[in-house]
Amino acid sequence: MNGEFIAFLILSIMAIGGAVFMLNFVRVVHMVLSLAFTMLSIAGIYVLLNAEFLAAIQVLIYTGAVSILMLFGIMLTRHRDQEAEGVRPWHKFFSFVGVAAFLGILLHTLYRTPFTEETADVGRFSVDWLGETVFKQYVIPFEAVSVLLLVALVGAVILARKESKS
């Protein structure tokens with residue numbers, strides 16, 4: 001057991017915990033914050049995998065832009081701020097048992113899997129290669145995602161204006 005394994009274990013528990021909190025929270029703002037926490041944990045896992053560029057993209061796009069977009073959507077639309085009625089406390093118990101079981105299965109799998117000692121050829125995969133691939137081979141999906149995010153933002157503004165006029 002080395003420091004990298006301990007860091008991975010902590011970051012993976014934080015990512016899973018943020019996802020479980022997102023599913024269990026009642027308020028939408030808390031859900032968005034736990035989603036951002038999960039995305040930051042995944043960026044930390046990318047750093048452990050020596051993929052600093054993907055970690056930076058994860059922080060910029062998912063943690064930053066998507067979370068801000070969701071928060072703007074929440075702020076621009078009206079929603080009733082009511083607590084959930086009839087929240088049963090046994091849901092928390094079952095979610096804790098589920099996370100503990102998942103963690104146990106994950107640790108069992110990690111300890112029983114034989115990993116090879118070979119390293120990947122990192123000379124072939126560089127930031128230049130990634131940029132050329134994204135902007136030459138995958139330019140249409142990249143632009144489609146940007147248009148989709150723009151349409152979602154405009155749709156949230158239109159929905160907020162329609163509700164405020166009524």
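This is a predicted model, so every value here is computed, not measured. The residue numbering used here restarts from 1 in each chain and proceeds along that chain's sequence as written. Local features in a predicted model are, by the rule used here, given only for residues with pLDDT of at least 70; side-chain atom pairs are given and counted only at 80 or more, and totals for whole chains, interfaces and linings are based on all residues. Computation of side-chain values covers all heavy atoms of the structure but excludes hydrogens and water.

Novice: Now, about the overall build of the chain: what can you tell me, with residues and values included?
Specialist: Helices and strands together make up the secondary structure of the chain, namely six helices and zero strands. Residues counted as buried form 15% of the 166 residues belonging to the chain. Numbering of helices and strands runs from the N terminus, with a helix taken as a DSSP run of H or I at least four residues long and a strand as a DSSP run of E at least two residues long. Each residue is assigned to one of three classes by its accessible area relative to the maximum for its type, calculated with a 1.4 Å probe on protein chains only: buried under 20%, partly exposed between the two thresholds, exposed over 50%.

Novice: Please provide a residue-by-residue account of helix H3 (residues 52–76), values included.
Specialist: End to end, H3 covers 34 Å across 25 residues, agreeing with the expected 36 Å (1.5 Å per residue, within 8%). Bend, in this description, refers to the angle at a residue between axes fitted to the seven residues ending there and the seven starting there. Along its length, H3 shows its largest kink, about 30°, at Gln 58. Inspection of H3 places Ala 55, Gln 58, Thr 63, Ser 67, Gly 73 and Ile 74 among the buried residues, and these make up the whole buried set. Working rule for helices: expected span equals 1.5 Å times residues minus one.

Novice: Please give an account of the packing of aromatic side chains that cites residues and values.
Specialist: The criterion for an aromatic pair is that two Phe, Tyr or Trp rings (for Trp, the six-membered ring) have centres within 6.5 Å, with stacked assigned to planes under 30 degrees apart, edge-to-face to planes over 60 apart and tilted to the rest. This structure, assessed with the given rule, holds four aromatic pairs. Consider the rings of Phe 21 and Phe 25, whose centres lie 5.6 Å apart with planes at 15°: the pair is stacked. Note on Phe 25: relative accessible area 32%, which makes it partly exposed. Ring centres of Phe 135 and Phe 142 lie 5.1 Å apart, and the angle between their planes is 80°; this geometry places the pair in the edge-to-face category.

Novice: Residues and numbers for the side chain of Ser 12, please.
Specialist: Mapped onto the elements of the fold, Ser 12 is located in helix H1 (residues 3–24). Judged by its relative accessible area of 7%, Ser 12 falls in the buried class. For this analysis, a polar contact is any N or O atom pair within 3.5 Å, provided that within protein one partner can donate a hydrogen and the other can accept it, and provided that sequence-adjacent residues contribute only side-chain to side-chain pairs. In terms of polar contacts, Ser 12 uses its side chain to reach the backbone carbonyl oxygen of Leu 9, at 2.9 Å.

Novice: Give a detailed account of the packing of H1 against helix H4 (residues 90–112), specifying residues and quantitative values.
Specialist: Between N-to-C directions, angles span 0 to 180 degrees; the directions come from axes that are lines fitted to C-alpha atoms, helices contributing only their stretch in contact. Where H1 contacts H4, the axes come no closer than 11 Å and their chain directions differ by 150°. In terms of orientation, H1 lies roughly antiparallel with respect to H4. Seen along the crossing, H1 lies across H4 with a hand that is right-handed. Facing Phe 5, Phe 8, Leu 9, Ile 13, Ile 16, Val 20 and Asn 24 of H1, the residues of H4 in contact are Ser 95, Val 99, Phe 102, Leu 103, Leu 107, Leu 110 and Tyr 111. Here the nonpolar group is Ala, Val, Leu, Ile, Met, Phe, Trp, Tyr, Cys and Pro; Asp, Glu, Lys and Arg are the charged ones; every other residue, Gly included, is treated as polar. Its residues assigned to classes, the contact of H1 with H4 comprises 12 nonpolar, two polar and no charged. In this scheme, roughly parallel covers angles under 35 degrees and roughly antiparallel covers those over 145, while 65 to 115 is roughly perpendicular and the rest are oblique. Helix crossings are classified by the rotation of the near helix relative to the far one: an anticlockwise turn of less than a right angle makes the crossing left-handed, while a clockwise turn makes it right-handed. Two residues qualify as a contact provided that any one of their heavy atoms is within 4.5 Å of a heavy atom in the partner residue.

Novice: Can you tell me about the packing of H1 against helix H2 (residues 28–48), naming the residues and giving the values?
Specialist: Contact geometry of H1 with H2 gives a least axis separation of 8 Å together with a crossing angle of 160°. Here H1 lies roughly antiparallel to H2, going by the angle between them. Seen from above, H1 lies across H2 with left-handed handedness. In contact with Glu 4, Ala 7, Phe 8, Leu 11, Ser 12, Met 14, Ala 15, Gly 18, Ala 19, Phe 21 and Met 22 of H1, H2 contributes Met 31, Ser 34, Leu 35, Phe 37, Thr 38, Ser 41, Ile 42, Gly 44, Ile 45 and Leu 48. Residues belonging to the contact of H1 with H2 are distributed by class as follows: 14 nonpolar, six polar and one charged.

Novice: Just give me the short version of the side chain of Ser 41, but keep the residues and values in it.
Specialist: Tracing the sequence through the fold places Ser 41 in helix H2. One polar contact links the side chain of Ser 41 to the main-chain carbonyl oxygen of Phe 37, over a distance of 3.0 Å. Contacts of Ser 41, omitting those with residues within four sequence positions, involve Leu 11, Met 14 and Ala 15.

Novice: Give me the lowdown on a nonpolar patch on the surface, citing residues and values where you can.
Specialist: Where nonpolar side chains cluster on the molecular surface, the patch consists of Ile 68, Phe 72, Met 75, Leu 76, Leu 150, Leu 153, Val 154 and Ile 158 and spans about 720 Å² of accessible area. Contributions of two or more residues to the nonpolar patch are made by H3 and helix H6 (139–165). A relative accessible area of 60% means that Met 75 is categorised as exposed. What makes a patch is a set of residues exposed beyond 30% relative accessible area and free of salt bridges, joined within 9 Å when like-charged and within 5 Å when nonpolar (Val, Leu, Ile, Met, Phe, Trp, Tyr). Note on areas: these come from Shrake-Rupley sampling with a 1.4 Å probe, and a residue is covered only by the protein chains present in the view. A pairing counts as a salt bridge when a side-chain nitrogen of Lys or Arg comes within 4 Å of a carboxyl oxygen of Asp or Glu.

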